Amino acid sequence: MATSDCKLTILGGNGWIPAFNRHTCCYALELGDYLFIFDLGSGACRLGELYPPEKLMSFKEIHIFLSHYHLDHITGITYLPLYLKGCRVTIFGPGKNIYGKSTEEILSAHLEKPYFALPLTDYPMDLAFVDIALGKNEIAGVEISTLLQSHSDPTIGYRLNDHLAYITDTACSPDTIDFVDGTNILLHETWFDNLEYTTLSSNNGSVTEDVSIALRSHANIDWVMHVAKKAQINTLVLIHLNPSYNDERLRGMLAYAKRSFMKTYLALDGTTILI
C-alpha cells in the first residue's frame, strides 16, 4: 500500500532527553490533505527543519495526538507559535475521563506565567482542544482508536485505521497485541535492550523504587518483538529510544531485532517511511 500521499517522518525518536542528535518524541504522518502529529517533544523543532512554512500552511488541518503530559512529550507545544502560525490545529489528549482535567486545562497550566510568555489563548493559529475518547473516534475521515495504557501516569495508545499504531510509555501487554493486530506500521517504545533489562530485573528483590517504576512503565526489546510477531504487523519502528544508548548500542539492538523481525527500523530523526 505504498503511496506518496501517506508518509511518516520521525521528528524526534528519543525518550526523556535529547541526545546523540535524537530529539524527544514527535512523529508526523502526512495523510492526504491532513497532517497528524503524535506527541510534541523537543522533536517538534524539526517541523521548522523538515517542513517549509508553505507546506505546513497547505494542510487543511493539523491534528496533534498526545499520549500523556510528561515534559518529553509536550515541551514542543511552546514551539507551535513559530512553526504553525496561521494553521488550523486541534490538539487531542487524555482529559477529564482520565486525569480529571481537560486537555486544555492541563496544557494551559504548563504555559502559565512565569513558565512561558504566551498563553494558549494568544497562540497565532486556529487552535482547538479535544479530550480524546477511549475506543473508536472518527477524525478527518480516519478511524482513530485509542487504548488506555499503564505507566507512572496513564498514557494513551493510538491506531489510525490499519495505517499505523503508536504505542509509547508503557510496558508490553496482551491488550497491546489485540489493539495493534494487523496494522501496517507499529511504532512501539523500546526503552530497554536485553542487557539493561536483564540486569535490572535480575535484581528484583533489591531494586529501588525508581527502577521498579521504570520496569513496570517501559518496554524491552524481547517483548516488543513478541508483540510485533503475535500481532502480525508489517513494519516495526523502535521509538522512545533510551538517551543513554549511543549509536553503536542502538545498532546492536536493531541487529538483534532483525534476526527475528527483518522489517524493523530505529526511529532516527529525519527518517521518512512511505506507507
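What you see is a predicted model, and the numbers here were worked out from it, not measured in a lab.

Undergrad: Which parts of the structure should I look at to understand the sheet that holds strand β6 (residues 126-131)?
TA: Read across the open sheet, the 7 strands follow the order β6-β5-β4-β3-β2-β1-β14; overall the sheet is mixed. Each edge of the open sheet is held by one strand with a lone partner, namely β6 and β14 (272-274). For this sheet the average axis-to-axis angle between neighbouring strands, irrespective of direction, equals 20 degrees. Running over the sheet, helix α6 (residues 103-110) touches β5 (88-93) and β6 and is turned about 120 degrees from β6.

Undergrad: Help me understand the packing of aromatic side chains, please; the structure alone is not making it clear to me.
TA: For any pair of aromatic rings, the description rests on two quantities: the centre-to-centre distance and the angle between the ring planes. Going through the model one piece at a time under the given rule, you end up with 8 aromatic pairs. Consider the rings of Y27 and Y166, whose centres lie 5.4 Å apart with planes at 55 degrees: the pair is tilted. With Y27 in strand β2 (residues 26-31) and Y166 in strand β10 (residues 164-167), this pair connects stretches of sequence that are 139 residues apart. Under the relative-accessibility criterion, Y27 is labelled buried at 0%. On the basis of relative accessibility, which here comes to 0%, the residue Y166 falls in the buried class. Here the aromatic residues Y27, F36, F38, F65, F92, Y158 and Y166 are joined through ring pairs into a cluster of three or more. Across from the ring centre of Y265, 5.0 Å away, lies the NZ or CZ of K258, which sits over that ring.

Undergrad: Got a minute to help me understand helix α10 (residues 221-230) in this structure?
TA: Three- or four-residue spacings in an α-helix give side chains the same orientation, since the helix completes a turn every 3.6 residues. Turning to α10, its buried residues number three or more, namely I221, V224, M225, V227 and A228. Seen from one end, α10 has its buried residues packed into an arc of 160 degrees, which puts them on one side. Of the surrounding elements, those touching the buried residues of α10 are α7 (174-180), β11 (185-189), α8 (194-202), β12 (235-239), α11 (247-258) and β13 (264-266). Between the side-chain oxygen of the N-cap and the backbone nitrogen of D222 there are 3.1 Å, and the N-cap of α10 in question is N220. Q232, located one to two residues past α10, shows a positive phi value of around 55 degrees.

About the cut-offs
Residues numbered from 1 in each chain as written. Predicted model: local features only at pLDDT ≥ 70, side-chain atom pairs only at ≥ 80, totals over all residues. Heavy atoms only, no water. Pairing = 2+ DSSP bridges. Helix = DSSP H or I, 4+ residues; strand = E, 2+ residues; numbered from the N terminus. Axes fitted to C-alpha atoms, helices over the stretch in contact; angles between N-to-C directions. Contact = heavy atoms within 4.5 Å. Phe/Tyr/Trp six-rings, centres within 6.5 Å; stacked < 30°, edge-to-face > 60°. Buried < 20%, exposed > 50% of the residue type's maximum accessible area, 1.4 Å probe, protein only. Lys NZ or Arg CZ within 6 Å of the ring centre and 35° of its normal. Arc of directions from axis to C-beta. Polar contact = N/O pair within 3.5 Å; in protein donor to acceptor, adjacent residues only side chain to side chain.

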